[in-house]
Protein chains: 2
Amino acid sequence: MVPQIRWSHSHSGGYVFHNPGHYDVQPAYKSDGWNTDPWTLVEDAQGRLLGRGSTDDKAPVISWLFVIEAHQKLGLDFPVNLKMCFEGMEESGSEGLDDIIHQEAKAYFKDVDCVCISDNYWLGTNKPCLTYGLRGVSYFHLKVTGPGKDLHSGVFGGTVHEPMTDLIHLMGKLVTPDGKILVPGIMDDVAPVTEAENSLYQGLDFTLNDIYGATESKTTIFDTEREVLMARWRFPSLSLHGVEGAFYNPGDKTVIPAKVIGKFSIRSVPNQEPEKITQLVKDHINAEFAKLNSKNTIDIACSHGGKCWVADVNHWNFVAAANAVQRVFNAKPDYTREGGSIPVTLTFQDALQKNVLLLPMGRSDDGAHSTNEKIDKFNFIEGIKLLSTYLHEVSAQS
Amino acid sequence: MVPQIRWSHSHSGGYVFHNPGHYDVQPAYKSDGWNTDPWTLVEDAQGRLLGRGSTDDKAPVISWLFVIEAHQKLGLDFPVNLKMCFEGMEESGSEGLDDIIHQEAKAYFKDVDCVCISDNYWLGTNKPCLTYGLRGVSYFHLKVTGPGKDLHSGVFGGTVHEPMTDLIHLMGKLVTPDGKILVPGIMDDVAPVTEAENSLYQGLDFTLNDIYGATESKTTIFDTEREVLMARWRFPSLSLHGVEGAFYNPGDKTVIPAKVIGKFSIRSVPNQEPEKITQLVKDHINAEFAKLNSKNTIDIACSHGGKCWVADVNHWNFVAAANAVQRVFNAKPDYTREGGSIPVTLTFQDALQKNVLLLPMGRSDDGAHSTNEKIDKFNFIEGIKLLSTYLHEVSAQS
Ligand SMILES: [Zn+2]
Ligand SMILES: [Zn+2]
Ligand SMILES: [Zn+2]
Ligand SMILES: [Zn+2]
């Protein structure tokens, strides 16, 4: 599952790099709405390379190999030692990957000095970025159990405590319509915004039109780019995803469901810990349920708790990458986070205890996982230069 | 769709009866859990007649024919004129029935003096009943629309007004966990409980254990039989049935649904009118939504509004039936209502403007629509006597 390509040249003294990526891709059918065969790489008139996996994650993966090949063909000394890890199950949950990383932490990965992953995207379409943070996610199942079987609302409506009513009331105590999380204590561990951090939000390649476009609506809670991005990147959020066990089809059905399970998740940020989040949520739900005076019973459980991640942007790994962006693009990079999680990032961080840099190659509009996925030839070519230059910049820092 | 069997003997002077019933049945497969072939009538050791449709509604329908046959064979004068209407699509929504009833109101049905329908059940298992009321039902779809497409909660959680959050808050404003409807004005038209009505709740064949058994739980809101039955029969209730468009499968999915539709219904009682209920619900939802300050949009619509029904238990039709119960069972009948709706009842009431009596034959545990549906031979035989005696009692009242 984790094929290894070892760079046979051993660089003495320099840093050892680890560059994971994945060669597996999402499914794709032309009938999904592709304009071209998704499994044939096509270059269109605007210089876009179209095909499934073009940007996620084949271009970055192959670029590392081009960097090596270029050094070989030019007879140049390779600036660092490289350890690669190409994954083939990233799009199917990376089964087994965590285990092998932890297992190899003191073996294959033992002399790694830093990690660089290229498997995310520029914030916009104009400017490279270095990504230094991800939110964690804790997923909850809130089960309310009442009658022993589903009931008919004609016969039993008004006579029993309906699990769905209890659940709706409890879910309504989790978050306000403007996104404020109602779980007491949940914000206590959220790191305050520092001046240095604030300055990273200046001049980002992002406008409100970007989020209007991405959501196909003007339903944003905030009216400034900074607030939108901070809400996405560095503050927690709580989303209500749905209800299992209730009526969900079109049309009318007069059922009183016997057991319903509300699904919601909390996106977490430094310095929140999943264990504490779970405890706060449980305490809150139990306290709110007690107020309902219901004869039903509840069960609240965290089905998945993934930690957030943040890296030190002043680490030499990030400094080298910023220098490389300056040299290749003649620009300062944006410093970005992502609202979602990329679990392998955290696994490498935890297992190797080294600085992890996310150095994306594609643009925000590349359409990873979507139809007509592409990478612009510009991003691909300049991206190869960036990766190569980055390795030389790192070497210069050592 | 409405086969007609006319009784050729024309009774001069007496009442004209209309006795609708249905000969179609629910589907049934032995694999559903039947102990015997559902399509073969089997009498078991306890004298129960097992088979699909045995109690719903074949025994009552055929009983009217046995009553006629008995009079013929005994050479007895038939006490009334009879107009029958046997339906064959009751279990599939009675398509077309309303139209034909209204169409024939001044034709086939024009000289009908009263209606007697035998298509419901005793309140318990020991005592016959006369049923004089049904609740109406108004079904609502509350749609909240936000982003143009489903979003990922990692990327967008915290940045947009989530339709699911708005919906949960609105649904939480509809009913309390102990069944109190929160729509302002909704109780204004509910008829007060009279002394006479109160007395009908004395000595009913119903205990709390019956509802514990039926719900397979002890999740009742009330602790007395009278309160339970009043909540089921003569007070409105509001049930939250589910959400269309949200995540409903087992497992975890981190989706922010773009559009969600909450489903709920209100069971209505005299003197509530569906049009007014709809208006009150719309006004309430719109007022509550305005408080949310959300950028999403809502749409609230009533997909079905069926009126409640109540009959005068002092009408000669009910008096005759009570006398018949006394003669056949040597007991006073229970006077019951049903929490659900039997739309044809209301249609006959509306179209013919005559007293409608529901005179059940089977017991509450007969399992209509369920596996191992049965009617007890006792109920069947005594039920035929009851129907016959009832016709003679009516004749005596004229
Ligand atoms: Zn990827
Ligand atoms: Zn992917
Ligand atoms: Zn029936
Ligand atoms: Zn039926």
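As recorded in an unreviewed UniProt entry, chain A goes by the name Peptidase M20 dimerisation domain-containing protein, listed as coming from Blyttiomyces helicus.

1. Observations concerning the coordination of the zinc ion (ligand 3)
Each pair of donors in an ideal four-coordinate tetrahedral metal site encloses 109.5 degrees, whereas pairs in an ideal six-coordinate octahedral site enclose 90 or 180 degrees. Residue and element names in this part refer to chain B. Only His22 (NE2), Asp56 (OD), Asp119 (OD) and Asp119 (OD) from the protein reach the zinc ion (ligand 3) as donors, at distances of 2.0 to 2.7 Å. Between the four donor atoms coordinating the zinc ion (ligand 3), the angles at the centre fall across 53 to 147°, so the site counts as irregular. Summarised as a motif, the one-chain spacing of the donors to the zinc ion (ligand 3) is H-x33-D-x62-D. A distance of 3.2 Å spans the gap from the zinc ion (ligand 3) to the zinc ion (ligand 4), which aspartate 56 bridges by coordinating each metal. Of the two residues, aspartate 56 sits in helix 1 (residues 54-74) while aspartate 119 sits in the loop between strand 5 (114-117) and strand 6 (129-134), which places them 63 residues apart along the sequence.

2. Points about the state of the cysteines
A covalent bond between the sulfur atoms of two cysteines is what we call a disulfide. Tallying each qualifying case throughout the model produces zero disulfides over all chains. With no disulfide partner, A:Cys116 has as its closest neighbouring cysteine sulfur the one in A:Cys114, 7.5 Å distant. Owing to a relative accessible area of 0%, A:Cys116 belongs among the buried residues under this scheme. In this structure B:Cys302 is a free cysteine whose sulfur lies 14 Å from that of B:Cys308, the closest cysteine sulfur available.

3. So, the coordination of the zinc ion (ligand 4)
Within the protein, B:Asp56 (OD), B:Glu91 (OE) and B:His369 (NE2) serve as the donor atoms for the zinc ion (ligand 4), at 2.0 to 2.1 Å. Sequence positions of the donors to the zinc ion (ligand 4) reduce to the motif D-x34-E-x277-H.

4. Let's talk about the packing of helix 1 (residues 54-74) of chain A against helix 11 (residues 377-397) of chain A
A pair of packed helices can be characterised by two numbers: the angle between their axes and the separation between those axes. All names here are of chain A. Helix 11 packs onto helix 1 with a crossing angle of 60° between their chain directions and a minimal axis gap of 9 Å. One finds that helix 1 runs oblique with respect to helix 11. Crossing of helix 1 against helix 11: the hand is right-handed. Between helix 1 and helix 11, the residues in contact are Ala59, Pro60, Ile62, Ser63, Trp64, Phe66, Val67 and His71 and Phe380, Ile384, Leu387, Ser388, Tyr390, Leu391 and His392, respectively. Considered class by class, the residues forming the contact of helix 1 with helix 11 number 11 nonpolar, four polar and no charged.

5. Thoughts on the pattern of salt bridges
Between side chains of opposite charge, pairing is possible as soon as their charged atoms come close. Residue and element names in this part refer to chain A. Under the counting rule described, the total for this entry stands at 40 salt bridges over all chains. One salt bridge connects lysine 83 with aspartate 111, and the closest N-O pair in it is separated by 3.3 Å. Taken together, the residues lysine 83 in strand 4 (residues 81-87) and aspartate 111 in the loop between helix 2 (97-104) and strand 5 (114-117) connect sequence positions 28 residues apart. The exposure class assigned to aspartate 111 is partly exposed, which follows from its relative accessible area of 37%.

6. Describing the sheet that holds strand 12 (residues 297-306) of chain A
Residues and elements named next belong to chain A. If you trace the four strands from one edge of the open sheet to the other, you get 9-11-7-12, paired in antiparallel fashion. The outermost strands of the open sheet, each flanked by one partner alone, are strand 9 (237-244) and strand 12. When the angles between neighbouring strand axes are averaged without regard to direction, this sheet yields 20°. Along the sheet face, helix 8 (residues 274-292) touches strand 7 (136-145), strand 11 (259-268) and strand 12 and points at about 165° away from the line of strand 12.

7. Notes on the domain arrangement of chain A
All names here are of chain A. Each assigned domain of chain A is listed here: domain 1 (16-134 + 308-397) and domain 2 (136-191 + 234-306). Look at where the C-alpha atoms of domain 1 and domain 2 centre, and you get two points 37 Å apart. The partner domain 2 presents nine residues to the seven residues of domain 1 that form the contact. Buried area between domain 1 and domain 2, both sides added, is near 570 Å², and the carbon and sulfur share of it is 59%.

8. Topic: unusual backbone geometry
Residues and elements named next belong to chain A. Cis peptide bonds are those with omega within 30 degrees of zero, and the linkage from aspartate 56 to aspartate 57 qualifies with 15°. Position of aspartate 57 among the secondary structure elements: in helix 1. We note that glutamate 216 has phi near 50°; this positive angle belongs to a residue other than glycine. With respect to the helices, strands and loops of the structure, glutamate 216 is situated in the loop between helix 6 (208-215) and helix 7 (225-233). Owing to a relative accessible area of 48%, glutamate 216 belongs among the partly exposed residues under this scheme.

9. What to know about the nonpolar core
The biggest cluster of nonpolar side chains holds 75 residues, and the ones touching the most others in it are B:Leu130, B:Phe348, B:Leu359 and B:Tyr390. Considering every element that reaches this core, the biggest residue donor is helix 9 (residues 316-329) of chain B, with eight residues.

10. Let's talk about the relation of the copies chain B and chain A
Turning chain B through 180° and shifting it by 0.1 Å along the axis lays it on chain A, with an RMSD of 0.1 Å. Such a turn and shift between the copies fits a two-fold axis. Of the C-alpha atoms belonging to chain B, the one lying closest to the rotation axis is found on B:Ile168, 3.0 Å away. Taken together, the interface assignments show that 100% of the residues at the interface of chain B recur at the interface of chain A, consistent with an identical surface on both copies.

11. Topic: the UniProt feature "domain: Peptidase M20 dimerisation" (unreviewed entry) in chain A
Listed under "domain: Peptidase M20 dimerisation" (unreviewed entry) in the UniProt record, and renumbered for this structure, are residues 132-290 of chain A. The annotated region residues 132-290 of chain A carries 33% helix and 22% strand content, and the separation between its end C-alpha atoms amounts to 42 Å.

12. Thoughts on the side chain of A:Ser268
Residue and element names in this part refer to chain A. Note on placement: serine 268 falls in strand 11. Here serine 268 falls in the buried class, since its relative accessible area comes to 0%. Those residues in contact with serine 268 that lie beyond four places of it in its chain are Arg135, Gly136, Val137, Pro236, Ile277, Gly306 and Cys308.

13. Section: the packing of aromatic side chains
One pass over the structure, following the stated rule, counts 15 aromatic pairs over all chains. Here A:Phe140 and A:Phe264 contribute two aromatic rings whose centre-to-centre distance is 5.2 Å and whose plane-to-plane angle is 20°, an arrangement assigned as stacked. Linking A:Phe140 in strand 7 with A:Phe264 in strand 11, this pair joins segments that are 124 residues apart in sequence. A:Phe140 sits in the buried class, given a relative accessible area of 0%. Looking at A:Phe264, the relative accessible area reads 0%, which means it is buried. Here A:Tyr248 and B:Tyr248 contribute two aromatic rings whose centre-to-centre distance is 3.4 Å and whose plane-to-plane angle is 10°, an arrangement assigned as stacked. Remark: B:Tyr248 occurs in the loop between strand 9 (237-244) and strand 10 (255-256) and A:Tyr248 occurs in the loop between strand 9 and strand 10 (255-256); the pair is interchain, linking two chains. For A:Tyr248, a relative accessible area of 30% corresponds to the partly exposed category. Through successive ring pairs, a cluster of aromatic residues spans A:Tyr108, A:Phe109 and A:Phe348. Against the face of B:Tyr108 rests B:Lys83, its NZ or CZ located 4.9 Å from the ring centre. The cationic tip of B:Arg234 hangs over the ring face of B:Phe235; the distance from NZ or CZ to the ring centre is 4.9 Å.

Conventions we followed
In every chain, residue numbers begin from 1 and rise along the written sequence. Each chain gets a letter, beginning with A, and each ligand a number, beginning with 1, in the order they are written. Only residues with pLDDT of at least 70 are given local features in this predicted model, and only at 80 or more are side-chain atom pairs given and counted; all residues enter the totals for whole chains, interfaces and linings. By convention in this description, side-chain values take in all heavy atoms of the structure and omit both hydrogens and water. Each metal's donors are the N, O and S atoms found within 2.8 Å of it, except that Na, K and Ca use a 3.2 Å limit; water is left out, so coordination can look incomplete. The geometry test gives tetrahedral to four donors whose angles all lie between 85 and 135 degrees, gives square planar to four donors and octahedral to six donors whose opposite members are over 155 degrees apart with all other angles between 65 and 115, and gives irregular to the rest. Secondary structure is summarised from DSSP: a helix means a run of H or I of at least four residues, a strand means a run of E of at least two, and numbering begins at the N terminus for each. Only a pair of cysteine sulfur atoms within 2.5 Å qualifies as a disulfide here. Note on exposure labels: buried denotes an accessible area under 20% of the residue type's maximum, exposed denotes more than 50%, and partly exposed covers the range between, all computed with a 1.4 Å probe on protein chains only. Orientation is described by lines fitted to C-alpha atoms, with helices fitted over the stretch in contact, and by angles between N-to-C directions that extend from 0 to 180 degrees. Roughly parallel covers angles under 35 degrees, roughly antiparallel covers those over 145, roughly perpendicular covers 65 to 115, and oblique covers all other angles. A crossing counts as left-handed when the near helix is turned anticlockwise from the far one by less than a right angle, and as right-handed when that turn is clockwise. Pairs of residues are marked as contacts when any of their non-hydrogen atoms sit within 4.5 Å. Residues are grouped as follows: Ala, Val, Leu, Ile, Met, Phe, Trp, Tyr, Cys and Pro are nonpolar; Asp, Glu, Lys and Arg are charged; all remaining types, including Gly, are polar. What makes a salt bridge here is a side-chain nitrogen of Lys or Arg within 4 Å of a carboxyl oxygen of Asp or Glu, nothing more. Two strands pair under a simple rule: DSSP has to find at least two bridges between them. Domain extents, as shown, originate in an automatic or database domain assignment. Reported buried area values correspond to the accessible surface (1.4 Å probe) lost by two parts on association, with both partners' losses combined. Nonpolar core, defined: a set of buried Ala, Val, Leu, Ile, Met, Phe, Trp, Tyr and Cys residues in which side-chain atoms within 4.5 Å join the residues together. Superposing the copies works by least squares over the C-alpha atoms of residues that have pLDDT at least 70 in both of them. UniProt positions are given in the numbering used here, feature names are shortened, and annotations may be inferred rather than shown by experiment. Centre distance within 6.5 Å is the pairing criterion for rings of Phe, Tyr and Trp, where only the six-membered ring of Trp is used; planes under 30 degrees apart are then read as stacked, over 60 as edge-to-face, and the remainder as tilted. By the criterion adopted, a ring carries a charge over it if an Arg CZ or a Lys NZ lies within 6 Å of its centre and within 35 degrees of its normal.

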